[in-house]
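Examining the three-dimensional arrangement
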Amino acid sequence: MASKLQTNTIKEYEKKGYYVINLSVTNKNGIADLLALKDGCKPLFIECKEANDTIKPLQLFRKKELIALGFESIIIKSIDN
């Protein structure tokens, strides 16, 4: 189930013209929560973190791995408590 931050991020990126997929179950542990696709842009992987959550070492590893493969990868942190 998508968090409030994930739901808001999906809406925001879809307004920008991206096709957003929630990657809730994959064969890669630590992969970003969302995949945003848009014609002419690199695939964008988005990790959503609520205010009280922390980035795990495996998530940082996956972020670096994705960037090394030529993809965009960002982490969005909620400022809400």
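The following paragraphs examine the structure supplied in this document. Predicted model, so just to flag it, every value in this text is computed and none were measured.

1. Things to note about the nonpolar core
In summary, soluble globular proteins display a tendency toward joint burial of nonpolar side chains. With ten residues, the main nonpolar core is built from L5, I10, Y13, Y18, V20, L34, A36, L44, I46 and C48. Those elements that place two or more of their residues in this core are α1 (4–15), β2 (34–37) and β3 (44–49). Core analysis: the second largest hydrophobic core is formed by six residues, I31, A32, F45 and L66 among them.

2. Focus: helix α2 (residues 57–68)
Residues separated by three or four positions in an α-helix point in the same direction, a consequence of the helix having 3.6 residues per turn. With twelve residues, α2 should cover 16 Å at 1.5 Å per step; its first-to-last C-alpha distance of 17 Å lies within 8% of that length. When α2 is considered as a whole, its buried residues turn out to be Q59, R62 and L66. Along α2, the residues classed as buried sweep out an arc of 60° about the axis, all on the same side. In α2, those exposed residues whose orientation departs by more than 90 degrees from the buried face are P57, K64 and A68. The secondary structure elements touched by the buried residues of α2 are β3 and β4 (72–77). Downstream of α2 by a residue or two, G70 has a phi angle that is positive, lying close to 95°.

3. So, the sheet that holds β4
By way of backbone hydrogen bonds, the strands of a sheet pair with one another, either parallel or antiparallel. Across the sheet, four strands lie side by side as β1-β2-β3-β4; this open sheet has mixed pairing. The sheet is open, and its two edges are formed by β1 (19–22) and β4, each paired on a single side. With strand direction ignored, the average angle separating the axes of adjacent strands in the sheet is 25°. When β3 meets β4, the two strands line up parallel, connected through six bridges.

4. Observations concerning the side chain of Q59
Looking at the secondary structure, you find Q59 in helix α2. At 3.2 Å, the side chain of Q59 and the side chain of E47 are in polar contact. When residues no more than four places from it in sequence are discounted, the contact partners of Q59 are G30, E47, K49 and T54.

Criteria and cut-off values
- Residues numbered from 1 in each chain as written.
- Predicted model: local features only at pLDDT ≥ 70, side-chain atom pairs only at ≥ 80, totals over all residues.
- Heavy atoms only, no water.
- Core = buried A, V, L, I, M, F, W, Y, C linked by side-chain atoms within 4.5 Å.
- Buried < 20%, exposed > 50% of the residue type's maximum accessible area, 1.4 Å probe, protein only.
- Helix = DSSP H or I, 4+ residues; strand = E, 2+ residues; numbered from the N terminus.
- Expected span 1.5 Å × (residues − 1).
- Arc of directions from axis to C-beta.
- Contact = heavy atoms within 4.5 Å.
- Pairing = 2+ DSSP bridges.
- Axes fitted to C-alpha atoms, helices over the stretch in contact; angles between N-to-C directions.
- Polar contact = N/O pair within 3.5 Å; in protein donor to acceptor, adjacent residues only side chain to side chain.

Without other data, these values stay purely geometric and don't point to any function.
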